[in-house]
Every structure is written in structure tokens, then in C-alpha cells.
Amino acid sequence: MTDRSSSAWLAAMGRPRAFDEDEAVRAAVTLFGGRAYDGVSVDDLVSHLGVHRNSLYKTFGSKRGLYLTALRRHLADDVGPLLDDLAGAPDAAAALRLVTSTDLGLLLLAITERAPVDEEVAAEVNAALAAVDRAVADALGVSADLATAVTAAALGIVLRGNPDNAATALAQRLSPRT
């Protein structure tokens, strides 16, 4: 390689990334999970993630691209372990407590804010909810319809607040009487 061709090759490569992509995505999960998609500007992302605007666009393509990456990370890091934990839930009370104690903020915001207007977000959210429903059905040995109702109730409990008391009260109603 000549000096001229190696210089052209290095120029084509661009500068190395000056940020940790994994760290930026984790920070985006927290930011989007706390403020929702529409509550976060590109300037917010740049300042909170410590990423230059050009780097953000080069790496993720857009704010939406980063949002989808963050949502998928949230589903993998938070919903994925929940599914594993639900497999060992001994009863409805335990299953409800698992769902209501897991940080599902970004999932809940995605359900209400982005899924109605973004087909790709809707597909991710629907797949995650279906997986939770299946895990609840398997853990409790109940029908798919009842599992969907339990999941919906658990997510509603999270949205309403005070998940411990509400989850316990609902679990008591769902438990077979002896």
C-alpha cells in the first residue's frame, strides 16, 4: 500500500467511536422509561448520554432508531429475566408480585405512547406481552385467556401504584379456596 492509498483508507474509516454504545443504550432505556419517547428530545439524549449528535445519528440513525434499540434492550434485560422467574412462580400471588416488582416502565410507556402509532414498536410490545402471557399460563397452569387477564391486571396494578397491596389482594381472590 502506498502512503497515498493508506491515507485514503484511514480517511474512509472515520474516527473511532468516542462512546460506549452499550452504556449509551442503557442510559437511553432509563431516559425513555422515565420520560417517554415524546418527552425526550435529541438534545436531551446528547446531554444525558454523553454522545455527540453526529455520533448518535451515525450509530442509531435517528432518535427512533435509538428508541427501538433501547426498547429491545429493555425487553431483553428486564422482561427476559421476568419470563425466567415466572417459570418458577409457585402460585398466582408470586407471579403477580414478580410482574408488579419488575421495572417495566419503558414497556408500559411503549404500550400506551408508541405502539398505537408505530407498527415496529407495536410488534415488539405485542411479542413481549404474548411471552409474559405464556409464562404466566405455564407457571399457573391456567388457560391463555386467564393468563392474559392476569397479565393485564398486574400491569394495571403497576400503573395505578401500590403494587404490593393490590397484587396480594388480587392473588387472594385468584387462589383456590381450601
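You'll find the structure just up there.
This structure is a prediction, so every number in the text was calculated from the model and none was measured. (Residues numbered from 1 in each chain as written. Predicted model: local features only at pLDDT ≥ 70, side-chain atom pairs only at ≥ 80, totals over all residues. Heavy atoms only, no water.)

Visitor: Is there a simple way to think about the pattern of salt bridges in this case?
Guide: A full pass over the atoms with the stated rule returns ten salt bridges. In this structure, Arg-64 engages Glu-120 in a salt bridge whose closest nitrogen and oxygen atoms are separated by 3.0 Å. With a gap of 56 residues between them, Arg-64 in helix 5 (residues 63-87) and Glu-120 in helix 8 (residues 119-140) connect regions that are remote in the sequence. A relative accessible area of 30% places Arg-64 in the partly exposed class. By relative accessible area, which is 34% here, Glu-120 ends up partly exposed. Between Arg-72 and Glu-124 there is a salt bridge, with the nearest N and O atoms lying 2.8 Å from each other. With a gap of 52 residues between them, Arg-72 in helix 5 and Glu-124 in helix 8 connect regions that are remote in the sequence. (Salt bridge = Lys/Arg side-chain N within 4 Å of Asp/Glu carboxyl O. Helix = DSSP H or I, 4+ residues; strand = E, 2+ residues; numbered from the N terminus. Buried < 20%, exposed > 50% of the residue type's maximum accessible area, 1.4 Å probe, protein only.)

Visitor: Could you clarify how one ought to interpret the side chain of Asp-44 in this entry?
Guide: Within the fold, Asp-44 resides in helix 3 (residues 42-49). At 2.9 Å, the side chain of Asp-44 and the backbone nitrogen of Ser-41 are in polar contact. In this structure, Asp-44 is in contact with Leu-31, Arg-35, Gly-39 and Leu-49, ignoring residues within four places of it in sequence. (Polar contact = N/O pair within 3.5 Å; in protein donor to acceptor, adjacent residues only side chain to side chain. Contact = heavy atoms within 4.5 Å.)

Visitor: What is the right way to read the nonpolar core from this model?
Guide: Proteins that are soluble and globular tend to have nonpolar side chains buried together. The biggest cluster of nonpolar side chains holds 48 residues, and the ones touching the most others in it are Phe-32 and Leu-66. Sorting elements by how many residues they give to this core places helix 8 first, with ten residues. Aside from chain neighbours lying at most four places away, what touches Leu-66 is Val-25, Ala-28, Phe-32, Leu-45, Leu-49, Leu-56 and Phe-60. (Core = buried A, V, L, I, M, F, W, Y, C linked by side-chain atoms within 4.5 Å.)

Visitor: Mind showing me how you'd approach helix 8 here?
Guide: In an α-helix, one turn spans 3.6 residues, which is why side chains three or four residues apart end up on the same side. The end-to-end C-alpha distance of helix 8, which contains 22 residues, comes to 31 Å, matching closely the 32 Å that a straight helix rising 1.5 Å per residue would cover. Turning to helix 8, its buried residues number three or more, namely Val-121, Ala-122, Val-125, Ala-128, Leu-129, Ala-131, Val-132, Asp-133, Ala-135, Val-136, Ala-137 and Ala-139. Structurally, helix 8 contributes buried residues whose contacts are with helix 5, helix 7 (105-114) and helix 9 (144-160). Among the residues trailing helix 8, Gly-141 stands out with phi positive, at a value near 65°. (Expected span 1.5 Å × (residues − 1).)

Visitor: I'm lost on helix 5 in this one. Help?
Guide: Across its 25 residues, helix 5 extends 35 Å between first and last C-alpha, which sits within 8% of the 36 Å expected from 1.5 Å per residue. The sharpest bend along helix 5 reaches about 30° and sits at Val-79, with the proline Pro-81 one to four residues further on. Along helix 5, the positions that sit buried rather than exposed are Lys-63, Gly-65, Leu-66, Tyr-67, Leu-68, Ala-70, Leu-71, His-74, Leu-75, Val-79, Leu-82 and Leu-86. Contact partners of the buried residues in helix 5: helix 2 (21-35), helix 3, helix 4 (53-60), helix 6 (92-101), helix 7 and helix 8. Taking the backbone nitrogen of Arg-64 as reference, a side-chain oxygen 3.3 Å away marks Ser-62 as the first, capping residue of helix 5. (Bend = angle between axes of the 7 residues up to and from the residue.)

Visitor: What is the right way to read the packing of helix 4 against helix 5 from this model?
Guide: To characterise two packed helices, one gives the angle between the axes of the helices and the distance between these axes. At a minimum axis distance of 8 Å, the contact between helix 4 and helix 5 shows a crossing angle of 65°. For the element pair helix 4 and helix 5, the recorded crossing hand is left-handed. Taken together, the residues of helix 5 that come into contact with helix 4 (itself represented by Leu-56, Tyr-57 and Phe-60) are Lys-63, Gly-65, Leu-66 and Thr-69. For the contact of helix 4 with helix 5, the residue count by class is four nonpolar, two polar and one charged. (Axes fitted to C-alpha atoms, helices over the stretch in contact; angles between N-to-C directions. Left-handed = near helix turned anticlockwise from the far one by under 90°. Nonpolar A, V, L, I, M, F, W, Y, C, P; charged D, E, K, R; others polar.)

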